[in-house]
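If you want the building blocks of each chain, they are given just below.
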2 protein chains.
Amino acid sequence: MASMTQVPDPAADSASCAGGHRHHAFDVAAGLLEAERVCTAAGESLTPLRRDVMELLLRAHGPAKAYDLLQALTAGAAKPPTIYRALEFLQRMGLAHRIESLNAFIACGIGACAKNAGFLICTACGWAEELLADPVNAALEGAASERGFRIAGAVIEARGLCRDCAPSVATK
Amino acid sequence: MASMTQVPDPAADSASCAGGHRHHAFDVAAGLLEAERVCTAAGESLTPLRRDVMELLLRAHGPAKAYDLLQALTAGAAKPPTIYRALEFLQRMGLAHRIESLNAFIACGIGACAKNAGFLICTACGWAEELLADPVNAALEGAASERGFRIAGAVIEARGLCRDCAPSVATK
DNA sequence: CGGGATTTGTAATACTATAACATACGATAT
DNA sequence: ATATCGTATGTTATAGTATTACAAATCCCG
C-alpha cells in the first residue's frame, strides 16, 4: 500500500485532489517564483532537480515524506541522497522545513522564513499550518535565559485538530 | 565506533563518568523510587525489564538512543521491540520523554510530568534540560486559538549552548 | 582549453522503528 | 490445584529513514 502522505502525481494541479484534503494548499506558481528570487538573492541556483522537489512540496497537501518525494521524482529512479540533498538545500534557503515529529518536509508557508517556525499539525486532515512563532519563541527565550541557556534554534510542533476538522471529530 | 550517546555500563555510578559530561546527572535512587511510586499509583507494574531501562535512562548523561539502551541491556541480547515497548511504557507513565529532534529518550527530570515538557538541548555537552514549559505552551495556545486550532500535545525543543558550555565555545 | 568548485549519480550501509506471532508469567475463579 | 485470561516478554522478519563515500557530469571563470 502507498504511503499516507500526499505527494501529487505530476499532472495534478492545486485545485484537484486525490485524497480528502480539499482545504489547504500552497500557491505553486507563486512559491516557485519566490524560490527563484530567494536563491538568486543568495547567490545560489535553483537547479531543475531542486525546483522539481520544491514543486512537489508546494503541490503536496501536507507534509511529505522523503521517500514519497523520491518516488515522485522521475517515477522513482532517483536514489535517497538525491532527495535529502535537495531538501537540505531548500531548508538552507528557508524554502522548506523539516517537521521532526513526522519525519516529513513541507514548503515554507510564510515566504522563505529563515528563522524558527512553529507548526500546528492536524491529526485528522494531515495539514500542518506554519506559525511565525514569535510569541512562542519569546516565551522559550525567557525560560532559557533564566537558566543561562543560549538558544540557537528551536523545534515547535503542536498536534491537534484544525478549525475544519475539530467539528467532525468531536461530536459532542 | 560506539555511538555518541552516553549509556553507562552497569557498574558505573552517577558520580563517575566516562565522557566529558561532569555537570549534569539524575538522582538514580530517587528516580527509581519515584518510578515505583508512579507505577503503583497507576495500577501498573514496574517490571524488572522496565526498571532496568528506567535505570539506564537515569544513569545516562543526556538523551539516550534506543539501540544504545538495547545494547546496554544484558550485553545486547535483547531485540528492538523490547526496548521500544519499555520506553513506550515509561513515556505513558510520564517517567520518560522522547526527544524528537534527536531520536532519543531521556528520563523525566521533573518527576513524572504527564504533560507537555520542553527541552533545552546543549549541542556542546549533549545534555537536555527539561522545562515545565508552561509559558511556552501558553503562547502556543494563544497562537493556536487565533486559528481555531485545538492543541492535543506539543513538541518543544530548543538547541543551543547551556550555561556551562557557552563560555568554552564562544571564545569572543 | 585547463582547472577548480559545485552538483548529481550510484552503491553500499547504518540507523530507527514496527508488525506479527510465539511463549511465559501471574492473578483469579472454580 | 488447574483452567483461564490478561499482561508482559521473546523472536523473527521487515519496513522506514538517513548517511557515507566515491564517481561522473556540469558549470564557471580565467
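Since this is a predicted model, take the numbers as computed values, not measurements. Residue positions are given per chain, counted from 1 along the sequence in the order it is written. Chains carry letters and ligands carry numbers; both start at the beginning, A for chains and 1 for ligands, and go up in the order they are written. With the structure being a predicted model, the display of local features is reserved for residues of pLDDT at least 70 and the display and counting of side-chain atom pairs for 80 or more, all residues being used for whole-chain, interface and lining totals. Each side-chain value is derived from all of the structure's non-hydrogen atoms; neither hydrogens nor water enter the calculation.

Novice: For the overall build of chain A, give the residues involved together with the corresponding values.
Specialist: Helix and strand labels come from DSSP, where a helix needs a run of H or I of at least four residues and a strand needs a run of E of at least two; each type is numbered from the N terminus. Each helix and strand in chain A was counted, giving 6 helices and 5 strands. Sequence-ordered secondary structure for chain A, helices as α and strands as β, is α-α-α-α-β-β-β-β-α-β-α. Any residue under 20% of the maximum accessible area for its type is buried, any over 50% is exposed, and the rest in between are partly exposed; the area is computed with a 1.4 Å probe on protein chains only. The buried share of chain A, reckoned over its 172 residues, is 47%. Using the Shrake-Rupley algorithm and a 1.4 Å probe, accessible areas are obtained, with residue cover drawn only from the displayed protein chains. Here chain A displays about 8,700 Å² of accessible surface, and carbon together with sulfur accounts for 53% of that area.

Novice: Residues and numbers for the pattern of salt bridges, please.
Specialist: Any two side chains of opposite charge can pair, on the condition that their charged atoms come close. Residues and elements named next belong to chain A. Salt bridges are defined by distance alone: a side-chain nitrogen of Lys or Arg within 4 Å of a carboxyl oxygen of Asp or Glu. Counted according to the given criterion, the structure contains 16 salt bridges over all chains. Glu100 is paired through a salt bridge with Arg98; the nearest N and O atoms lie 3.2 Å apart. One network of salt bridges, in which partners are shared, links Glu36, Arg51, Glu55 and Arg59.

Novice: Describe the environment of Leu56 of chain B, naming the residues involved and giving the relevant values.
Specialist: Along the chain, the position of Leu56 of chain B falls in helix 2 (residues 48-59). Taking C-alpha positions, Leu56 of chain B is 6.6 Å from Val7 of chain B, a pair spaced 49 residues apart along the chain.

Novice: I'd like to hear about the protein's contact with DNA strand C, residue by residue, with values.
Specialist: Taken together, 15 residues sit near DNA strand C, with Thr47 and Arg85 of chain A together with Lys65, Tyr67 and Arg98 of chain B positioned nearest. Neighbouring residues are identified by heavy atoms, a residue being near a molecule or strand if any of them is within 4 Å of it. Protein-adjacent atoms of DNA strand C, using a 4 Å cutoff, are sugar or phosphate at a proportion of 48%. Identification of polar contacts relies on pairs of N or O atoms within 3.5 Å, with a donor-acceptor requirement for protein atoms, meaning one able to donate a hydrogen and the other able to accept it, and with residues adjacent in sequence counted only if both atoms are side-chain atoms. Between a phosphate oxygen of DNA strand C and a side-chain N or O atom of Arg98 of chain B, the distance comes to 2.5 Å.

Novice: Let's hear about the protein's contact with DNA strand D: which residues, and what values?
Specialist: Around DNA strand D lies a shell of 16 residues, among which Lys65, Tyr67 and Arg98 of chain A together with Thr47 and Arg85 of chain B are the nearest. Taken together, the sugar and phosphate atoms account for 45% of what DNA strand D places within 4 Å of the protein. Tyr84 of chain A is positioned with one of its side-chain polar atoms (N or O) 3.0 Å from a phosphate oxygen of DNA strand D. The separation between a phosphate oxygen of DNA strand D and a polar side-chain atom of Arg50 of chain B is 3.3 Å. Of all elements in the fold, only helix 4 (80-92) of chain A together with helix 2 and helix 4 (80-92) of chain B reach the threshold of two or more residues within the surface near DNA strand D. Under the convention adopted here, Pro, Cys and the residues Ala, Val, Leu, Ile, Met, Phe, Trp and Tyr are nonpolar, Asp, Glu, Lys and Arg are charged, and Gly plus all remaining residues are polar. The residue makeup of the surface near DNA strand D, split by class, is 6 nonpolar, 3 polar and 7 charged.

Novice: Could you give me a rundown of unusual backbone geometry, with the residues and numbers involved?
Specialist: One non-glycine residue, Ala75 of chain A, lies in positive phi territory at about 55 degrees. Mapping Ala75 of chain A onto the fold places it in the loop between helix 3 (66-72) and helix 4. Since its relative accessible area comes to 71%, Ala75 of chain A is described here as exposed. Positioned with a positive phi, Asn103 of chain B is a non-glycine residue whose angle comes to about 50 degrees. Summarising the element assignment, Asn103 of chain B is placed in the loop between strand 1 (96-99) and strand 2 (104-107).

Novice: Can you lay out the interface of chain B and chain A for me, pointing to particular residues and giving the numbers?
Specialist: We call two residues in contact whenever any of their non-hydrogen atoms come within 4.5 Å of each other. The interface is formed by 32 residues belonging to chain B together with 32 residues belonging to chain A. Here the buried area means the combined drop in accessible surface, using a 1.4 Å probe, for two parts upon being joined, counting both sides. Three residues stand out in chain B for area buried against chain A, namely Arg147, Phe149 and Arg159 of chain B, and they jointly supply 22% of the buried area on that side. On the surface where chain B and chain A come into contact, there are 2 salt bridges. The salt bridge partner of Glu129 of chain A is Arg147 of chain B, with a shortest N-O separation of 3.4 Å. Looking at the side of chain B that touches chain A, the elements with two or more residues in it are strand 3 (117-122), strand 4 (128-132), helix 5 (134-146) and strand 5 (150-161) of chain B. Top element by residues in the side of chain B that touches chain A is strand 5 of chain B. It accounts for 12 residues. In the side of chain B that touches chain A, the residues fall into 20 nonpolar, 4 polar and 8 charged. The pairing of strand 5 (residues 150-161) of chain A with strand 5 of chain B spans 11 bridges and is classified as antiparallel. Residue Gly153 of chain A lies in a different strand from strand 5 of chain B, and its bridge partner there is Arg159 of chain B. At least two bridges found by DSSP between two strands is the condition for calling them paired.

Novice: So, helix 2 (residues 48-59) of chain A: which residues are in play, and what are the values?
Specialist: Residue and element names in this part refer to chain A. With 12 residues, helix 2 should cover 16 Å at 1.5 Å per step; its first-to-last C-alpha distance of 16 Å lies within 8% of that length. All buried positions along helix 2 are accounted for by Val53, Met54, Glu55, Leu56, Leu57, Leu58 and Arg59. Buried residues along helix 2 sit in contact with helix 1 (28-41), helix 3, helix 4, strand 1 (96-99) and strand 2 (104-107). Helices are assigned an expected span. That span is 1.5 Å times one less than the residue count.

Novice: Please give an account of the sheet that holds strand 3 (residues 117-122) of chain A that cites residues and values.
Specialist: A sheet is described by the order of its strands in space; here 6 strands give the open sequence 4(A)-3(A)-5(A)-5(B)-3(B)-4(B), paired in mixed fashion. Pairing within the sheet leaves two strands with one partner each, and these edge strands are strand 4 (128-132) of chain A together with strand 4 of chain B. Put simply, the sheet's adjacent strands are angled 20 degrees from each other on average, direction ignored. Where strand 3 of chain B lies against strand 5 of chain B, 5 bridges are found, and the strand directions are parallel. In the strand pairing of strand 5 of chain B, Cys122 of chain B is matched with Gly160 of chain B. Across the sheet, helix 5 (residues 134-146) of chain A lies against strand 4 and strand 5 of chain A together with strand 3, strand 4 and strand 5 of chain B, angled at about 130 degrees from strand 5 of chain A, the strand it touches most. Axes, fitted as lines to C-alpha atoms, cover a helix only where it is in contact. Angles between the N-to-C directions of the axes lie from 0 to 180 degrees.

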